[in-house]
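# Structural overview for review
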Amino acid sequence: MDMDIGLKFNSITQIMLTLMLSILSLSTLATPWDDKSSEEVVATLDKKFAEGKYSAKGADTCLMCHKKSAVVMAIFDGVHGNPNIKDSPMADLQCEACHGPLGNHNKGGKEPMITFGQNSPVPAQKQNSVCMSCHNDDQRIAWKGNHHDNADIPCSSCHQVHVAKDPISDKANEVAICTQCHSQQKADMHKRSSHPLQWQQMVCSDCHNPHGSLNDASLKQMTVNENCYSCHAEKRGPKLWEHAPVTDNCANCHNPHGSVNESMLISKPPQLCQQCHASDGHSSNAYFGNQTNAFTSGNSCMNCHGQVHGSNHPSGKLLQR
């Protein structure tokens, strides 16, 4: 069992190293316009788009200089480089569909083209507008104004185009790619109680839409609870006797990314329960101290109030049955 986990971890690590090297090779290549400011590059690109001087030979013109690059040529291994796919860039303006009109770029290579990645002089929003000109569907309808858009994250930070298959489209890679930025969630998912994200039995997109949604935290469902109920249907009400924080928000008590406490609780009982039930009629001496009692052993408050998610028993008013 441990050997299988180790092999899987090594495989994912190798994939991530390959991904990072590929991104690094694309984003750190020196360009002849490195000495220009971002504003100058964008102004030149805007002018080129206004003039609309595209190459009559399409990709053939670009490949006269770029065909020796394995990273560039890898475009033809994937859907973006397949001219037989109707809506692919290669079936339209080819390389210029994404990188902008050629203009005078082929006359010495000093005139800028659109480049992609965190180190590109082209702002993330302009980079993403290129991608969104084709990928504007119901999965991305809420992209504008969502967390990744507001953080100026370019699509190329997560996605690769010059490959046979985008690594993030494989769920075995998804969590590793997301947690390159979401470090707190990466730490949480390795705590003693967590959803099985580290084993890829769940992935981030099971709960979140990374391209944005109309809900909090880019959740796929309308509320936190609806998201949770898609797996934890047994917790869904209505119950005869309901527990207010449960019906309000599962995250009132649980950290969905992981916790050091049992059942991903944000705090250990009885302290968790006492955040609301500070005066519940129990003796204060029972809460603290070194003595062993119903509050300090076993399931703490749940030793008696076992149905904390709600009860359907006629005598379950105190969530005991």
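Report follows, based on the coordinates. Source: prediction; values computed, not measured.

### A word on unusual backbone geometry
Cis rather than trans, the peptide bond between G237 and P238 has omega equal to 0°. With respect to the helices, strands and loops of the structure, P238 is situated in the loop between α10 (224-229) and α11 (244-248). You will see that A217, though not glycine, has its phi angle at about 55°, which is positive. For A217, the location among the structural elements is in the loop between α9 (183-188) and α10.

### What to know about the nonpolar core
Core analysis: the largest hydrophobic core is formed by 6 residues, namely W33, V41, L45, I114, V122 and V130. Among all residues touching V130, those that are not within four sequence positions of it are A97, C98, I114 and F116.

### Overview of the pattern of salt bridges
For the structure shown, the criterion picks out 8 salt bridges. Between D206 and K171 there is a salt bridge, with the nearest N and O atoms lying 3.7 Å from each other. Here D206 is found in the loop between α9 and α10, whereas its partner K171 is found in helix α8 (residues 171-178), with 35 residues between them in sequence. The exposure class of K171 is partly exposed, given its relative accessible area of 46%. In this structure, R236 engages E226 in a salt bridge whose closest nitrogen and oxygen atoms are separated by 3.5 Å.

Definitions and cut-offs
- Residues numbered from 1 in each chain as written.
- Predicted model: local features only at pLDDT ≥ 70, side-chain atom pairs only at ≥ 80, totals over all residues.
- Heavy atoms only, no water.
- Helix = DSSP H or I, 4+ residues; strand = E, 2+ residues; numbered from the N terminus.
- Core = buried A, V, L, I, M, F, W, Y, C linked by side-chain atoms within 4.5 Å.
- Buried < 20%, exposed > 50% of the residue type's maximum accessible area, 1.4 Å probe, protein only.
- Contact = heavy atoms within 4.5 Å.
- Salt bridge = Lys/Arg side-chain N within 4 Å of Asp/Glu carboxyl O.

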